[in-house]
Amino acid sequence: MDKKSKNKLRKKAAAAELRKNIEPMDKVNWSDSSKNSYAYESPVRNAYIDSAYRCTKCHQVAVFSAKAQKYTYEVKKSYICQYRTLCPECYYSLKNLVNMVNGFEELWAKENESTKHTAPYIIEWLDALQQFPKYGKKANQAIINMLNNHISKNS
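Residues numbered from 1 in each chain as written. Predicted model: local features only at pLDDT ≥ 70, side-chain atom pairs only at ≥ 80, totals over all residues. Heavy atoms only, no water.

Looking at this structure, how should I read unusual backbone geometry?
Glycine aside, the phi torsion of most residues is negative, and most peptide linkages are trans. Backbone geometry at His59 places phi at a positive 65°, although glycine is not the residue there. Positionally, His59 belongs in the loop between strand S3 (51-54) and strand S4 (61-64). You can call His59 partly exposed: its relative accessible area is 48%. Here the phi dihedral of Lys77 falls at roughly 65°; this positive angle occurs in a residue that is not glycine. Residue position: Lys77 is located in the loop between helix H4 (66-75) and helix H5 (88-110). The class for Lys77 is partly exposed, based on a relative accessible area of 38%. (Helix = DSSP H or I, 4+ residues; strand = E, 2+ residues; numbered from the N terminus. Buried < 20%, exposed > 50% of the residue type's maximum accessible area, 1.4 Å probe, protein only.)

Pasting the structure below:
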């Protein structure tokens, strides 16, 4: 058997393994926006199955399990056509990054104009903002420019 045929068999086996984990769909529990989608009326989908994907940040293969899909779409009420792009580790790293940036924004809002130029967290805030594109998210260029201006004025 040649290498191409072996790869095909390996992929089929992996796909069959993914289909082992199945959770029934209860579309009644979907969000209103999901109920207005084509997927709601589609007779094709009646169960969640494990779905493999490649993380956009670390490029590792991850699995969006059938059980996690059921929770995401029926309990958390996420839109049904929303798919995972980050593995769990990268997702939680992004979540921590977002929380950090929000914390810096709160600190900034409490600063008065005379103390903003000496705020000790500006460099760390700028670094955090510049990490967003690594996760496939847009960086807030306006805040990045503002922080760079503050840094250059005070150097």
